[in-house]
Amino acid sequence: MTALPTTSATEVRADGARRDTALERLDRLETLLGDPYDPANPLGEAAVLGADERGELPADGERALAAYGLGAEFAPAALGGRFERADRFALLMRAIFRRDCSLGIGHGVTSFIAGLPIWSDGSPEQQQRAADLLCGGGRIVAAYTELDHGSDFTRISLAAGPAADGGYLLDGGKQLVNNIGRAEAAVLFARTDERPGSRGHSHLLVDLDALPAGHVDRTARYPTSGGRGCLLGGARFDSCPVPAAALLGEEGGAMETVLKVFQVTRCVLPGMVVGVGDSQLRTVLAFAGERQLYGAPVSALPLPRSVLTDAFVDLLICDALSMVAARTLHLRPAEASVRAAAVKYLVPKLLQENSYRLGVVLGARSYLREGPYAAFQKAARDLPVVALAHASGAVCLANIVPQLPRLAERAWQPALDARTSGPDGDEALFRLHDPLPSLDFGRLELTTRGADGLAGRLPLFARDLARQAATRPELAELAGLAGEFSDTLADLARRSAALPPLERTPVAGRRSFLLAERYVLLLAAAACLGVWRTARRSDGFLADPLWVTAALHRLAGRLGPRRGPLPQAAAGALFDELSARHDDARTFDLFRTRLALRAVPVKGVAP
Ligand SMILES: Cc1cc2nc3c(=O)[nH]c(=O)nc-3n(C[C@H](O)[C@H](O)[C@H](O)COP(=O)(O)OP(=O)(O)OC[C@H]3O[C@@H](n4cnc5c(N)ncnc54)[C@H](O)[C@@H]3O)c2cc1C
């Protein structure tokens, strides 16, 4: 078993790196969230489960988050808020998702999504007004969805026609919009030009409370199976006047903005949702340690034990891809279109698959809505809902498919043909504690134009590892796996370059989608390898080849013929690490941060 790292959430690093105020805030937020097992805690498990049963958000919990000033996390620091880094923002929100997915979406993500077109296209006055609203605890909603059109934004029909006074008249409706019934403001995606083409839609920043009564109805509510506390609502507009000053950016420019700023949300959302998987694993680990069968705890049975260990490794994979994707927004924004789609596809998929397997370990208690493990069934219902929010897996793969041939030609084949090895000078992408330049929306691109500094690094990683393994036998398995991933990249390059024209479009067939899926696995493997390669010795567990070898082993199992389970020694060491974190009340992600548990719960087994 490896030594546990000593870095605490608030420690100044020994290498002199500056204080990480975002990690300090994370520590404070975790303290505010408090002990989940305290029945009097307004953000504890009992309050969260009770609110979910009633289809509400925990009211006292919302008040506590408002008092913490969560809204300021959604507004850029330059405008008086606290948003600086996408990776740290995901980590902060992860703490809330660990506690309650509904609170994460309902009290948070929605306003973050709505803010992005404002920070991207708004005038200085619009930006300051929105930032002040968020910092003061107000809400802005992102109103895109119309059930008639779903993901097909080109057909969105809410009309913003010209009004006599030079403003707009809204006619039509929006559905499935979080918080629209109670928000102060909305960013509406509306049609301002009836002509076909990509310039028919505009963003309008609308003061909802100022709309004239009788012209708007915001009372619709859509109950859901998971995320039940979320106030998914709808609005109906009937010749509803809004001023010309509501326009964000240029008229007709909303589609291009959406395609860019949604890269930001798709890169950070999955990193938050990792918290749901973390909590599910903690619940089942507690059960497996307490429940006695055949004279020993369930966790001593080989199969449940491997399910727990595999779920831990998959969480680490999810976190590596999430963090690298979020850092991409700052460091290689022109490559974010593909990475955003990849992380939004893979993370919810892995988490849901583990939710199913962990549910089997939890047995009958996986569907009981009361008792000591009831949090599990709530998370299991929340995950599929949050996976669909903001783009399904299929939509994400459809964004990748058209880019495959160019990636093959411009990034992968040249990387495979190169003969270089050693450090490649672009390691900031993987160094999770390194500072980042600010996020520049102007540098986001609609496509990567064939650039890929992540999967494109696999051949270099494989060559390096083969060289190191010659003198370090503990790296032999990892080197073999990295070589397999590099070979898979070569195969993917060949097959992508040979795709016929129709298979290079979003309406391509299954073959192209399978290639896109394989590519996502390569990106995840490269993210894990990169994080491990650049970890410092002081990062302890992160610098140990144990986890990255297990991660590549699991990813390789998805690529090819079924592999066996993790080698026994590695599985044992990983289970020890998992148990040590559990006993020590630490997270199961790459950061191993402190949890606000007073003590590891000994719940006993419900009858
Ligand atoms: C918890 C939650 C909160 C939400 N909050 C908001 C909000 O605040 N504001 C808002 O505007 N919306 C919100 N939504 C709506 C959400 O964004 C939509 O559900 C989403 O856009 C998908 O639309 P749809 O489900 O109608 O799917 P559709 O687009 O109708 O898709 C139907 C099917 O076609 C597939 N498909 C679609 N396009 C492609 C393609 N190109 N290639 C292959 N397959 C494809 C889909 O995967 C799906 O299987 C929320 C949803 C949830 C679950």
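Criteria and thresholds
Residues numbered from 1 in each chain as written. Predicted model: local features only at pLDDT ≥ 70, side-chain atom pairs only at ≥ 80, totals over all residues. Heavy atoms only, no water. Helix = DSSP H or I, 4+ residues; strand = E, 2+ residues; numbered from the N terminus. Rg over C-alpha atoms; globule rule 2.2 N^0.38 Å. Buried < 20%, exposed > 50% of the residue type's maximum accessible area, 1.4 Å probe, protein only. Contact = heavy atoms within 4.5 Å. Areas by Shrake-Rupley, 256 points an atom, 1.4 Å probe, with all protein chains shown as cover. Lys, Arg positive; Asp, Glu negative; His and termini not counted. Charge placed at Lys NZ, Arg CZ, Asp CG, Glu CD. Phe/Tyr/Trp six-rings, centres within 6.5 Å; stacked < 30°, edge-to-face > 60°. Lys NZ or Arg CZ within 6 Å of the ring centre and 35° of its normal. Axes fitted to C-alpha atoms, helices over the stretch in contact; angles between N-to-C directions. Parallel < 35°, antiparallel > 145°, perpendicular 65-115°, else oblique. Left-handed = near helix turned anticlockwise from the far one by under 90°. Nonpolar A, V, L, I, M, F, W, Y, C, P; charged D, E, K, R; others polar. UniProt positions renumbered as here; feature names shortened; annotations may be inferred. Near = heavy atom within 4 Å. Polar contact = N/O pair within 3.5 Å; in protein donor to acceptor, adjacent residues only side chain to side chain. Expected span 1.5 Å × (residues − 1).

(A) Quick look at the overall build of the protein chain. What the protein chain contains, in helices and strands, is 17 helices and 10 strands. Since a compact globule built from 607 residues should have a radius of gyration of about 25 Å, the 24 Å found for the protein chain is in line with a globular shape. By its C-alpha atoms, the protein chain is 75 × 60 × 50 Å across when sized along the principal axes. Sorting the 607 residues of the protein chain into buried and exposed places 59% on the buried side. Expressed as a percentage of contacts within the protein chain between residues at least 6 apart in sequence, the contacts between residues at least 24 apart total 77%. Within the structure as shown, the protein chain displays about 23,200 Å² of accessible surface, and the carbon and sulfur contribution to it stands at 55%. Across the protein chain, 69 positive and 69 negative side-chain charges occur, with their mean positions spaced 4 Å apart.

(B) Focus on the packing of aromatic side chains. Under the definition given, this model contains 14 aromatic pairs. Seen from their ring centres, tyrosine 144 and phenylalanine 153 are 5.7 Å apart, and the 15° between their planes marks the pair as stacked. Classification of phenylalanine 153 by relative accessible area gives buried; the value is 15%. Judged by centre distance (6.1 Å) and plane angle (20°), the rings of phenylalanine 312 and phenylalanine 541 are stacked. Note that phenylalanine 312 is positioned in helix 8 (residues 302-331) and phenylalanine 541 in the loop between helix 15 (510-534) and helix 16 (545-559), a separation of 229 residues in sequence. We note arginine 82 situated over the ring of tyrosine 68; from NZ or CZ to the ring centre the distance is 5.5 Å. Lying over the aromatic face of phenylalanine 541, arginine 581 brings its terminal NZ or CZ to 5.0 Å of the ring centre.

(C) Just the packing of helix 8 against helix 9 (residues 336-362), in detail. For the pair helix 8 and helix 9, interaxial distance at closest approach is 9 Å and the crossing angle is 165°. The angle between helix 8 and helix 9 falls in the class roughly antiparallel. At the point where helix 8 passes helix 9, the crossing takes the left-handed sense. Taken together, the residues that form the contact of helix 8 with helix 9 break down as 19 nonpolar, 3 polar and 4 charged.

(D) Molecular detail of the packing of helix 4 (residues 86-99) against helix 8. Across the interface, helix 4 lies against helix 8 with an axial gap of 7 Å and an inter-helix angle of 140°. It follows from the interaxial angle that helix 4 and helix 8 lie oblique. Touching Ala86, Asp87, Ala90, Leu91 and Arg94 of helix 4 are Asp319, Met323, Ala326, Arg327, Leu329 and His330, all from helix 8. Classifying every residue of the contact of helix 4 with helix 8 gives 6 nonpolar, 1 polar and 4 charged.

(E) Representation of the UniProt feature "domain: Acyl-CoA oxidase/dehydrogenase middle" (unreviewed entry) in the protein chain in the model. The positions that UniProt labels "domain: Acyl-CoA oxidase/dehydrogenase middle" (unreviewed entry) are, in the present scheme, residues 143-239. This span, residues 143-239, is 0% helix and 45% strand, and a straight line between its end C-alpha atoms measures 18 Å.

(F) Fine view of the site of the ligand. Close to the ligand lie 18 residues, the nearest being Ala142, Tyr144, Thr145, Ser151 and Ser392. One of the side-chain nitrogen or oxygen atoms of threonine 145 is found 2.6 Å away from a nitrogen atom of the ligand. Here an oxygen atom of the ligand sits 2.6 Å away from a polar atom, N or O, in the side chain of serine 392. Taken together, the elements giving at least two residues each to the shell around the ligand come down to strand 1 (140-143), strand 3 (168-178) and helix 11 (393-400). Among the residues forming the shell around the ligand, the class breakdown is 12 nonpolar, 6 polar and no charged.

(G) Seen up close, the UniProt feature "domain: Acyl-CoA dehydrogenase/oxidase N-terminal" (unreviewed entry) in the protein chain. Within this numbering scheme, the UniProt entry marks residues 51-130 as carrying the feature "domain: Acyl-CoA dehydrogenase/oxidase N-terminal" (unreviewed entry). In the segment residues 51-130, helix accounts for 70% and strand for 0%; the C-alpha atoms at its two ends are 29 Å apart.

(H) Spotlight on helix 17 (residues 568-583). Helix length check: helix 17 (16 residues) gives 22 Å between terminal C-alpha atoms against 22 Å at 1.5 Å per residue, within 8%. Listing the buried residues of helix 17 in full gives Ala570, Ala573, Leu574, Phe575, Glu577, Leu578, Ser579, Arg581 and His582. Close packing links the buried residues of helix 17 with helix 7 (254-290), helix 8 and helix 16. Where helix 17 ends, the next residue or the one after it, alanine 585, has phi of about 55°, a positive value.

(I) Representation of the side chain of aspartate 20 within the structure. By secondary structure assignment, the location of aspartate 20 is in the segment before helix 1 (21-33). With relative accessibility at 17%, the residue aspartate 20 sits in the buried group. The residues contacting aspartate 20, other than those within four sequence positions of it, are Arg85 and Arg88.

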